[in-house]
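Reading the structure
If you want the building blocks of each chain, they are given just below.
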Amino acid sequence: MEITSRIHSIPAKVSFFTSTFAPNVYLVTDGGEGALVDSGFGDEESIRARLEYLRERPQIKVRYIVLSHHHFDHSSGAHQLREATGAQIVIHPKEERQLLDWQGEIPQDMEVPEERKEMFERFKRFRRMAADAAPDLLLEDGESLSVGGLTLEIVHTPGHTQGSICVYVPQERALFMGDTALGLGTVAISPPPHGDMAIYLQSLERLKGYDSAVMLAGHGPPVHDVARKLQEIIDHRHEREEQILKLMADGPRTPQAMVNAIYPELDQRTVPSAVRQVEAHLAKLLGEGRVERAGEDEWALPM
């Protein structure tokens, strides 16, 4: 799908994906060169769709595969795409360890309990596949890549993960978001050390300063009113904070109890992610002195 003449989205049907929007993979191309932003899943169907799209454009030499972060729905296809194209895999240095540590207790965007054996094993395979994508280049905030006459600037935007990046292409006024912001809905934030709500909000504020005509998220459709969308996400997070503080006005609460109150009809598959999100808000509020621990798993307003 052509977004602009130099930016394409390469869709793939993912039969096992139950959420609304499967991960996006973008092709940035100019002057016979190209870069992929994220790689999507490593299943056969997804890889085939992306390679067929590229084979239909033999004039484009893919030089880079830029991973916005280590989560396997964005990275598990990277190694196969590298082998097929000869491209170099690029990631922020703070994501390398999490990418390679496929057996570690590191939160992912998608998680299932071990009782769901088939899906659990599938996701474990994806984490192993992501670990195969050992990076060729580690780029810090402010460094850039060239693709033809286009500049791909690395923008370090920690919060969703510690090494999450966005990619800004000034010639197209395009901001590739990974999971820092979605086309629709909100992204999950874990508490430290894997995520950080306070830093996440700082990242969103920083992104408002870019001259962006289009925001291209890791999931969901393009967004053209970028500043308004970013402000909506910031406002939503502050509203959630106030909701958490109001819940504690009646006494100490556990994160699980807060999730039950905030999301009464939540799909049970997403409960662990929701609990971590509440914990991320609590960690931010604790740092600001607005809440305190009231027990091993209870939180309260300061006395």
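Just so we're clear, the structure is a prediction, and the values are computed from it rather than from any experiment.

About the cut-offs
- Residues numbered from 1 in each chain as written.
- Predicted model: local features only at pLDDT ≥ 70, side-chain atom pairs only at ≥ 80, totals over all residues.
- Heavy atoms only, no water.
- 1 Å grid on protein atoms, 1.4 Å probe; cavity = no way out; pocket = protein on both sides within 12 Å on 5 of 7 lines; lining within 4 Å.
- Points joined across faces, edges and corners; volume = space filled by probe spheres on them.
- Buried < 20%, exposed > 50% of the residue type's maximum accessible area, 1.4 Å probe, protein only.
- Helix = DSSP H or I, 4+ residues; strand = E, 2+ residues; numbered from the N terminus.
- Arc of directions from axis to C-beta.
- Contact = heavy atoms within 4.5 Å.
- Expected span 1.5 Å × (residues − 1).

Some words on the layout of surface pockets
In this structure, the second largest pocket encloses a volume near 210 Å³. In terms of lining, the second largest pocket is formed by 17 residues, of which the most central are Ser9, Pro11, Ala22, Asn24 and Gly220.

So, helix H4 (residues 93-100)
If you check which residues of H4 are buried, you get Glu95, Gln98 and Leu99. The buried side chains of H4 occupy one side of the element, clustering within an arc of 105 degrees when seen end-on. Against the buried residues of H4 lie helix H2 (72-75), strand S6 (88-91) and helix H5 (117-131).

Describing H5
Between its first and last C-alpha atoms H5 spans 21 Å; for 15 residues at 1.5 Å apiece the expected length is 21 Å, and the two agree. Residues of H5 that are buried include every one of Met119, Phe123, Phe126, Arg127, Ala130 and Ala131, and no others. The arc that holds the buried residues of H5, viewed along the axis, is 145 degrees, so those residues lie on one side. Pointing more than 90 degrees away from the buried face of H5 are the exposed residues Lys117 and Glu118. The secondary structure elements touched by the buried residues of H5 are H2 and H4.

Topic: unusual backbone geometry
Put simply, Pro192 and Pro193 share a cis peptide bond, and its omega is 15 degrees. In this structure, Pro193 sits in the loop between strand S11 (174-178) and helix H6 (197-207). At Asp38, a position not held by glycine, the phi torsion is positive, near 70 degrees. Summarising the element assignment, Asp38 is placed in the loop between strand S4 (33-37) and helix H1 (44-55). Residue Arg173 is not a glycine yet carries a positive backbone phi of 50 degrees. Relative accessible area serves as the criterion here: at 36%, Arg173 is assigned to the partly exposed category.

Remember, this is a structural readout, not a statement about activity or role.
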